[in-house]
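Results of the structural survey
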Amino acid sequence: MSLEHAILVSLTERAGSGYELARRFDKSIGFFWAATHQQIYRVLGRMTEAGWIVAEEVAQQGRPDKKVYTVSPAGRDELARWLAEPVDPPSFRDALGVKLRGAELGGDVDSVLKEVERHRGLHAERLAVYRAIEHRDFPAPDGLTGQQLHQYLVLRGGVLAEQSFLQWCDEVIQAISQDTRGTSR
């Protein structure tokens, strides 16, 4: 997936300025596709040049004018093309997994265990954020349809992924802590 497609999805949901789009990435889309504010602004320029989005200057009182971006017909066509394209399955390509695999070889299992524990904490925090969003935005998920249902399903994917990662971290921590081979713990 490219940042362009994540932006097309966001702007199709709701037009906005570069600043508003960056804030949306900070609060929602960014959980699943990260981008810095600078990257977003650069990509908005490329997307405008490609004709996928259109910028309208909007006057603001006491502030500089802002550009509000909307998706053009060409952008909708590109989004439809991309949505129909197959996606590679996710994989567990992660430096933490490689560190775990090599921990005993490097002789510093304790450092790797501490890193797994740190990751566990980070994923627990993210799961708490996802659950707060779920509780706040989707208190009655059984009645959801259309765009709200799709947003909820993406959030549920995040919840389940975080739960799975936490379970894996717990399994790693327990197994390494019980391992009597290697260095003392």
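Basis of the calculations
The residue count restarts for each chain, going from 1 along the sequence in the order it is written. With pLDDT at 70 or above as the cut-off, local features in this predicted model cover only qualifying residues; side-chain atom pairs require 80 or more to be listed or tallied, and sums for whole chains, interfaces and linings still use all residues. Excluding hydrogens and water, the side-chain values take into account all heavy atoms of the structure. The secondary structure listing takes helices from DSSP runs of H or I that are at least 4 residues long and strands from runs of E that are at least 2 residues long, numbered from the N terminus. Computation of the radius of gyration draws on C-alpha atoms, with the globule rule given as 2.2 Å multiplied by the number of residues to the power 0.38. In this description, contact between two residues means that some pair of their heavy atoms is separated by no more than 4.5 Å. For the area figures, the Shrake-Rupley method with a 1.4 Å probe applies, and any residue is considered shielded solely by the protein chains shown. In summary, the charge assignment counts Lys and Arg as positive and Asp and Glu as negative, without counting His or the chain termini. To locate a charge, take NZ of a lysine, CZ of an arginine, CG of an aspartate or CD of a glutamate. Expected helix span is given by 1.5 Å per residue-to-residue step, counting one fewer step than there are residues. Using a 1.4 Å probe on the protein chains alone, a residue whose accessible area is under 20% of its type maximum counts as buried, one over 50% counts as exposed, and one in between counts as partly exposed. Comment: arc refers to directions from the helix axis out to C-beta atoms. For two strands to be treated as a pair, DSSP must find at least two bridges joining them. Confidence scores here are pLDDT values: one per residue, from the predictor, ranging 0 to 100. Axis definition: a line fitted to C-alpha atoms, limited for helices to the stretch in contact. Angles are taken between N-to-C directions and run from 0 to 180 degrees. Definition used for salt bridges: Asp or Glu carboxyl oxygen within 4 Å of a side-chain nitrogen of Lys or Arg. What sets the label is the angle itself: under 35 degrees gives roughly parallel, over 145 gives roughly antiparallel, 65 to 115 gives roughly perpendicular, and the rest give oblique. We call a crossing left-handed when the near helix sits turned anticlockwise from the far one by less than a right angle, and right-handed when that turn is clockwise. When residue character is reported, Ala, Val, Leu, Ile, Met, Phe, Trp, Tyr, Cys and Pro are called nonpolar, Asp, Glu, Lys and Arg charged, and the others, Gly included, polar.

Before going further, it helps to spend a moment on the overall build of the chain. If you tally the helices and strands in the chain, you get seven helices and three strands. Listed by position from the N terminus, the elements making up the chain come as α-β-α-α-β-β-α-α-α-α. For the chain, whose C-alpha radius of gyration is 21 Å, the value lies well above the compact-globule estimate of 16 Å for 185 residues. Expressed along its principal axes, the backbone C-alpha trace of the chain runs to roughly 65 × 40 × 40 Å. Long-range contacts, defined here as pairs at least 24 residues apart, represent 58% of the contacts in the chain between residues at least 6 apart. Total accessible area on the chain stands at roughly 12200 Å², and carbon and sulfur atoms take up 54% of it. Taking the average location of the 23 positive side-chain charges in the chain and that of its 26 negative ones, the two points are 3 Å from each other.

This part is about helix α4 (residues 73–84). Taking 1.5 Å per residue as the helical rise, α4 with its 12 residues ought to reach 16 Å, and the 17 Å between its terminal C-alpha atoms agrees with that figure. Where α4 is concerned, the buried positions are Gly-75, Glu-78, Leu-79 and Trp-82. Projection of α4 onto a plane perpendicular to its axis shows the buried side chains occupying an angular sector of 100 degrees, all on one side. In α4, those exposed residues whose orientation departs by more than 90 degrees from the buried face are Pro-73, Asp-77 and Ala-84.

Moving on, we come to the pairing of strand β3 (residues 63–71). In terms of strand pairing, strand β1 (residues 16–17) meets β3 through two bridges, oriented antiparallel. For Ser-17, the partnering residue across the bridge sits in β3 and is Val-68. Summarising the sheet, strand β2 (residues 53–60) and β3 pair through seven bridges and their orientation is antiparallel. Bridge pairing in β3 places Val-54 opposite Thr-70. Counting the residues in the hairpin turn of β2 and β3 gives two residues, including Gly-62, whose phi is positive at 75 degrees.

Confidence along the chain averages 88 in pLDDT terms, with 93% of residues attaining 70 or more. Per-element confidence in the chain ranges from a low mean pLDDT of 82 for helix α5 (residues 95–106) to a high of 94 for α4.

To continue, consider the sheet that holds β3. The three strands are arranged β1-β3-β2 in an open sheet whose pairing can be described as antiparallel. A strand with exactly one partner marks an edge of an open sheet, and here the two such strands are β1 and β2. This element, helix α1 (residues 3–13), spans β1, β2 and β3 of the sheet and lies at about 100 degrees to β3.

Okay, the pattern of salt bridges next. What the rule picks out here adds up to nine salt bridges. The closest approach of N and O atoms between Glu-162 and Arg-126, which form a salt bridge, is 4.0 Å. Here Glu-162 is found in helix α7 (residues 146–178), whereas its partner Arg-126 is found in helix α6 (residues 109–137), with 36 residues between them in sequence. Because the salt bridges share partners, they merge into one network encompassing Glu-78, Arg-81 and Glu-85.

The next subject is the packing of α1 against α4. Each pair of packed helices can be described by the angle between their axes along with the distance between the axes. Running from amino to carboxyl end, α1 crosses α4 at an angle of 120 degrees, the nearest separation of the two axes being 10 Å. With respect to their mutual orientation, α1 and α4 come out oblique. The two elements α1 and α4 meet at a crossing, and its hand is left-handed. Here His-5, Leu-8, Val-9 and Thr-12 of α1 lie close against α4, whose contacting residues are Gly-75, Arg-76, Glu-78, Leu-79, Arg-81 and Trp-82. Within the contact of α1 with α4, the residues separate by chemical class into four nonpolar, three polar and three charged.

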